[in-house]
Each structure stands twice: as C-alpha cells, then as structure tokens.
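# Summary of the model geometry
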Amino acid sequence: LGCGAAALPGLAAALLGASVVLTDVDEAMPVVRRRVDSVAVPNVTVAALDWRGGVGGLAADVVLAADVVWLADLVEPFVACAAALLADGGRLLLAHQTRSTAVDDALFE
C-alpha cells in the first residue's frame, strides 16, 4: 500500500518470487509505472488505490506497507483499506517510523 516512487519493498518481494500489485494514489501512477518499466521485474502490476475510495476488488494474502502513515488522519483510512484487502488469514507487514506519538497511539491502539 502506498508504494511510493521507488516501490522498493514491493519490487524486492517480486524479485523473491511474489506476485505483486504496487498501489499508490492516481497522481503517483506515472512515476511508479516508469520505475517498474526501468527495472523489468516479473510478476508486478500497478494499480491506483486511494485508501479512502475502497479496494476495487483487489485482495491479498500479504499486504506490505513501509513508511506510509505519518499523519494522524491517514491512520483510519490505512487500517480500513489494509483490512479490506486482506484475505482470510492474511498478514499485514508494516515498517513504521515514529514521527508522532499521536499517530503511533492511533495506529497501534
């Protein structure tokens, strides 16, 4: 979720054999597509996904997110989107950097 321009965690997962859907907001898609094209990693697709707009039929056994929640108003949409994406028994793998105790409190409550 929120792969960003580098899309490094998702691309690394693809290089290790995972089938990956890189997502970010629509405005980021041209940069993400250029990145994917520049590294030619197999098993990678790109999809626009706004956490506030629903998951559009996407589902995943694993949701990978790195450094995506830095503002308190992002917590609720992120958690709802991740929960909606996860298949039964799925896992969220989250790398998080503390920038605000308020964000951490909301995220990990």
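Residues numbered from 1 in each chain as written. Predicted model: local features only at pLDDT ≥ 70, side-chain atom pairs only at ≥ 80, totals over all residues. Heavy atoms only, no water.

## Quick look at the pattern of salt bridges
Condition: Basic side-chain nitrogens of Lys or Arg form a salt bridge, by our definition, when they fall within 4 Å of a carboxyl oxygen of Asp or Glu. In this text, helices come from DSSP runs of H or I with a minimum length of four residues, and strands from runs of E with a minimum of two, each type numbered from the N-terminal end.
Scanning all chains against the criterion turns up 1 salt bridge. Across the salt bridge formed by Arg99 and Asp67, the nearest N and O atoms sit 2.8 Å from each other. Of the two residues, Arg99 is situated in the loop between strand E4 (86–95) and helix H4 (101–107) and Asp67 in the loop between strand E3 (60–66) and helix H3 (72–85); the sequence distance between them amounts to 32 residues.

## Notes on the environment of Ala83
Within the secondary structure layout, Ala83 lies in helix H3. Sequence-wise, Ala83 and Ala59 are 24 residues apart; in three dimensions their C-alpha atoms are separated by 9.8 Å.

## A few points about a nonpolar patch on the surface
Cut-off, in case you're wondering: For patch detection, residues must exceed 30% relative accessible area and be free of salt bridges, and they are connected within 9 Å for like charges or within 5 Å for nonpolar side chains (Val, Leu, Ile, Met, Phe, Trp, Tyr). Per-residue accessibility takes into account occlusion by the displayed protein chains alone, with areas from the Shrake-Rupley method and a 1.4 Å probe. We call a residue buried when its accessible area falls under 20% of the maximum for its residue type, exposed when it is over 50%, and partly exposed in between, using a 1.4 Å probe and counting protein chains only.
Together, Val62, Leu64 and Leu93 give the surface a local cluster of nonpolar side chains, amounting to about 240 Å² of exposed area. By relative accessible area, which is 43% here, Leu93 ends up partly exposed.

## Comments concerning the side chain of Asp104
The criterion, for reference: We treat Lys and Arg as the positive residues and Asp and Glu as the negative residues; His and chain ends play no part in the count. Note on contacts: a residue pair is in contact if any heavy atoms of the two residues lie within 4.5 Å.
Examined against the element boundaries, Asp104 turns out to sit in helix H4. The charged side chain of Asp104 is buried without a salt bridge, its nearest counter-charge being Arg99 at 8.4 Å. Excluding anything up to four places from it in sequence, Asp104 contacts His96 and Thr98.

## Side note on the nonpolar core
Spelled out, the test is: In plain words, nonpolar cores are sets of buried Ala, Val, Leu, Ile, Met, Phe, Trp, Tyr and Cys residues tied together by side-chain atoms within 4.5 Å.
In this structure, Leu1, Trp51, Val68, Val69, Phe78, Cys81 and Leu85 are the most contacted members of the largest nonpolar core, which totals 16 residues. Only E3, H3 and H4 provide two or more residues apiece to this core. Excluding its chain neighbours within four sequence positions, the residues that come into contact with Leu1 are Thr23, Leu49, Trp51, Val63, Leu64, Ala65, Val68, Phe78, Cys81, Ala82 and Leu85. If you look at the next biggest cluster of nonpolar residues, it comprises 12 residues, including Leu11, Ala14, Val32 and Val44.

## Topic: unusual backbone geometry
Keep in mind that most residues, glycine aside, have a negative phi and that most peptide bonds are trans. For Ala7, which is not glycine, the phi torsion reads 55 degrees and is therefore positive. Position of Ala7 among the secondary structure elements: in the segment before helix H1 (8–15). Of note, the phi angle at Asp67 is positive, near 55 degrees, even though the residue is not glycine.

## Observations concerning helix H2 (residues 29–39)
To keep it simple, the criterion reads: Arc definition: it is the arc formed by the directions from the helix axis to the C-beta atoms.
Three or more residues of H2 are buried, namely Met29, Val32 and Val36. On an axial view of H2, the arc spanned by its buried residues comes to 65 degrees, and they lie on one face. Facing away from the buried side of H2 by more than 90 degrees, the exposed set consists of Arg34, Asp37 and Ser38. On its buried side, H2 packs onto H1, strand E1 (20–24) and strand E2 (44–48). Following H2 by one or two positions, Ala40 has its phi on the positive side, about 50 degrees.

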